[in-house]
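# Commentary on secondary and tertiary structure
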Amino acid sequence: MRVIVGFGGGIAAYKATSLLRLFSKDGHDVVAMPTPSALEFVGQPTLEALSGNPVSSSVFERVEEVNHVRQAELADLVVVAPATADLMARLAMGRANDLLSATILTTHAPVVLAPAMHTQMWEHPATQANVATLREFGYHVLDPAVGRLTGPDSGSGRMPEPEEIFGFAMSVKDSSQKDEKKTLQGRSVVITAGGTREPLDPVRYLGNRSSGKQGVALAEAARALGADVTLIHAHMEVPAPDGVRCVFASSAEELRNAVLENVADKDVLIMAAAVADFRPASYEEYKIKKSETDDAAPTISLVRNPDILREVVSLREQQPELAPETIVGFAAETGSATQSVLELGEAKLRRKKCDYLAINEVGEQRGFGADDNHLTVLAATAEPAQVYQGSKYDVAKALLLHVMRP
Ligand code: C5P
C-alpha cells in the first residue's frame, strides 16, 4: 500500500523518521510529507533517502500535477508523527495552507495522528477541543505517552514510540479495509472518463470542459469495492488512479475503438466521458495559417461523431457476447427554456436505450471540475429515480452499488 508519513514541526520529528523505515521494510511505498517547520528539524535529503520518494512541503511545487489531490488520491493511509498542537489546530479548522494539511483535507484514506508536545500544550482546552473535533471527523488520534519531554521535565505529551505508531496505524488500516467490503469482488467494470479532443490541425483541437474527476472517482470506488476496473480515459485534469487498467484515447473515434475492444464479457460499462458530438470535417496536415493580406477567417465544417453509447446498446442487441451486461450513460444537462433537466434526461434515456442514465446539472458553478456532485439516476425499468449528493467519490460508490447490485 501507499503510505504518507506526515511530519509536524516538533523535535520528535527526528525520531519519527524511523517510521519511514518501518513502513518501507514492511513492503509499502512511502511518501514523507513534512510541514515547512518540520524541515527545521529534519532535512529534505534525509526524508528523501529514507522514503525513496521526492519530498515536498508546499502546494506551490509540482503545481501542474495538482500534487495535493494526486497524493491524497494515491494514499491508502496517512500517518502524522509528530502531530503538533499547531498542526492539529489547523486540521481541526479544515485549513489547507501547506501540502500536508491540503492532502489530509482531500484524502479518503484513514488518517492517524500521533501527538507530541509539552504537557501544558496537550492539556490546554484548545488542544483538547481540537483533538475531540479531529476524532469526530474520524481521524485516529493516539494518546500521547507519558515520559521525558524536550526539556528537563517530564509528563504527558511525549510522542509514542515509532513501533507503537506503526502497529496502531496498521491496525487502523486493517479495520478500515474490513469496513470497505469488497462487494464487487469478481465483477468487472469499464469506465470512460475525461473530455475528447477533436483535432483540427497538428496544434489545435475542439475540446470540452470535462475534468475527468467523476470518472476517476468511479474507477477508484470500483477498485476499492474489489471490482476489476478498466478506465478508458480521454483528457483529464486529474491523474489516472493506480490499480486499474488504463487505456488512453484522445478523440471520440479513438475512444469508440477502445470501448469496443474492451467491453466484451464485462459486467458494466459506465460512459462518464464527455465525448464530442461533432468533429472537424477535415484534418489539416499543416497548421492553419492566418492570411497576411486580409482579415479572412477560415470556416470550420463539422461532421457527427459516432454515438458510442448507442452503438454499444445496438451491439448488445445483435451480439450480446461482445457487449457488457449493463450499460450506464451520463448526461450533463443545463435545462432549457421549456424543459427541466429531468425531462431532458428522461427523453435522453429513451433515445439512448441504455439501462441507466446518470444526470448531473452543469453550469458555471456546478458539475465541471467541482469536487462535489449531485446525480439523479434514472432507470429504463419502472424503478424510481435515485438521487445521490456528496463528494464525487461517495456519489460514485453509491452509483456503482446501485447499478451493480446482484
Ligand atoms: O447525447 P449526450 O452527449 O448528452 O449523451 C451523453 C452520454 O452519451 C454520455 O454517457 C456520453 O459518454 C455518451 N456519448 C457517446 N458518444 C458520443 C456522445 C456522447 O457515447 N458521441
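Residues numbered from 1 in each chain as written. Predicted model: local features only at pLDDT ≥ 70, side-chain atom pairs only at ≥ 80, totals over all residues. Heavy atoms only, no water.

## Some remarks on the overall build of the protein chain
Going by this rule: Under the DSSP-based scheme used, a helix requires at least four consecutive residues in state H or I and a strand at least two consecutive residues in state E, with every element numbered from the N terminus. The cut-offs for exposure are 20% and 50% of the maximum accessible area for each residue type, with area from a 1.4 Å probe on protein chains only; residues under the lower value are buried, those over the upper are exposed, and the others partly exposed. Two residues form a contact once any of their heavy atoms are found within 4.5 Å. Accessible surface area values rest on a Shrake-Rupley calculation with a 1.4 Å probe, where residue burial reflects the displayed protein chains alone.
For the protein chain, the count of helices and strands is 13 helices and 19 strands. C-alpha atoms of the protein chain, sized along the principal axes, occupy 80 × 65 × 45 Å. Relative to its 406 residues, the protein chain shows a buried fraction of 50%. At a minimum sequence separation of 6, the contacts of the protein chain that also span at least 24 residues come to 67%. Summed over its atoms, the accessible surface of the protein chain is roughly 19,600 Å², and 50% of this surface lies on carbon and sulfur atoms.

## Focus: the sheet that holds strand S5 (residues 140-141)
How we decide: Should DSSP find at least two bridges between two strands, the strands are taken to pair. Every axis in this analysis is a line fitted to C-alpha atoms, fitted for helices over the stretch in contact. Angles between the N-to-C directions lie between 0 and 180 degrees.
Strand order in the open sheet formed by five strands is S2-S1-S3-S4-S5, and the pairing between neighbours is parallel. Every other strand in the sheet has two partners, leaving strand S2 (29-34) and S5 as the edge strands with one partner each. Looking at chain direction, strand S1 (residues 2-7) and strand S3 (residues 77-83) are connected through four bridges and run parallel. Bridging from a neighbouring strand, Val3 pairs with Leu77 of S3. This element, helix H4 (residues 85-92), spans S3, strand S4 (111-115) and S5 of the sheet and lies at about 135° to S3.

## Here we look at the site of the ligand
Operational definition: Here a residue counts as near a molecule or strand whenever at least one of its heavy atoms sits within 4 Å of it. Here a polar contact means two N or O atoms within 3.5 Å. Within protein one must be a hydrogen donor candidate and the other an acceptor candidate, and residues neighboring in sequence count only if both atoms are side-chain atoms.
In the vicinity of the ligand there are 13 residues, among which Met271, Ala273, Leu309, Phe330 and Lys348 approach most closely. Contacts to the ligand include Pro306, whose backbone N or O atom sits 2.9 Å from a nitrogen atom. Take Lys352: an N or O atom from its side chain is 3.0 Å from an oxygen atom of the ligand. In the complex, 88% of the free accessible area of the ligand, which totals 450 Å², lies under the protein chains.

## Regarding a nonpolar patch on the surface
For clarity, the threshold we go by: Patch membership needs two things, relative accessible area over 30% and no salt bridge, and members are linked within 9 Å if like-charged or within 5 Å if nonpolar (Val, Leu, Ile, Met, Phe, Trp, Tyr). Any Lys or Arg side-chain nitrogen found within 4 Å of a carboxyl oxygen on Asp or Glu counts as a salt bridge.
The grouping of Leu206, Phe278, Ile300 and Leu302 at the surface amounts to a nonpolar patch, some 340 Å² of accessible area in total. Note that Leu302 resides in strand S15 (residues 302-304).

## A word on unusual backbone geometry
The omega torsion across Ala81 and Pro82 is -5°, close enough to zero to call that bond cis. Note that Pro82 resides in strand S3. Positive phi is not limited to glycine here, since Asp265 has a value of about 70°. As for its position among the elements, Asp265 is in the loop between helix H10 (252-262) and strand S13 (268-271).

## Considering empty space enclosed by the protein
Defined as follows: Put simply, the grid is 1 Å and covers the protein atoms alone, a cavity is a trapped set of points that fit a 1.4 Å probe, a pocket is an open set with protein on both sides within 12 Å along at least five of seven lines, and lining residues have an atom within 4 Å of a point. Grid points are joined across faces, edges and corners, and a volume is the space filled by probe spheres set on the points. Only Asp, Glu, Lys and Arg are considered charged, only Ala, Val, Leu, Ile, Met, Phe, Trp, Tyr, Cys and Pro nonpolar, and every remaining residue, Gly among them, polar.
Evaluation of the coordinates by the stated rule reveals two cavities of 30 Å³ or more. One number sums up the size of the largest cavity: a volume of about 50 Å³. Listed by contribution, the elements that provide at least two residues to the lining of the largest cavity are S2 and helix H3 (67-74). Among the elements that line the lining of the largest cavity, the one with the most residues is S2, at three residues. By residue class, the composition of the lining of the largest cavity is six nonpolar, three polar and one charged. Put simply, the second largest cavity is a space of about 30 Å³. In this structure, the second largest cavity is lined by Arg70, Glu73, Leu74, Glu220, Pro239, Ala240 and Pro241.

## Some words on H4
Of all eight residues in H4, six are buried, a share of seventy percent or more. Taken as a whole, H4 has its buried residues at Ala85, Leu87, Met88, Arg90, Leu91 and Ala92. Its buried side turned inward, H4 meets S3, helix H5 (99-106), S4, helix H6 (119-123), helix H7 (125-136) and S5. The first or second residue beyond H4 is Gly94, which carries a positive phi of 75°.

## Description of the side chain of Thr84
Structurally, Thr84 can be placed in the loop between S3 and H4. Engagement of the side chain of Thr84 in a polar contact is seen with the backbone nitrogen of Leu87, the distance being 3.1 Å. Beyond its immediate stretch of four places on either side in the chain, Thr84 contacts Gly8, Gly9, Gly10, Ala116 and Met117.

## Details of the pattern of salt bridges
Taken as a whole and assessed by the stated rule, the structure comprises 14 salt bridges. For Arg135, the salt bridge goes to Asp143, with nearest N and O atoms at 3.2 Å. The residue Glu161 makes a salt bridge to Arg158 at a minimum N-O spacing of 3.4 Å. On the basis of relative accessibility, which here comes to 34%, the residue Glu161 falls in the partly exposed class. Arg158 gets classed as partly exposed once you look at its relative accessible area, which sits at 26%. The network of salt bridges with common partners includes Lys15, Arg158 and Glu161.

Function cannot be inferred from these measures alone, as they are strictly geometric.
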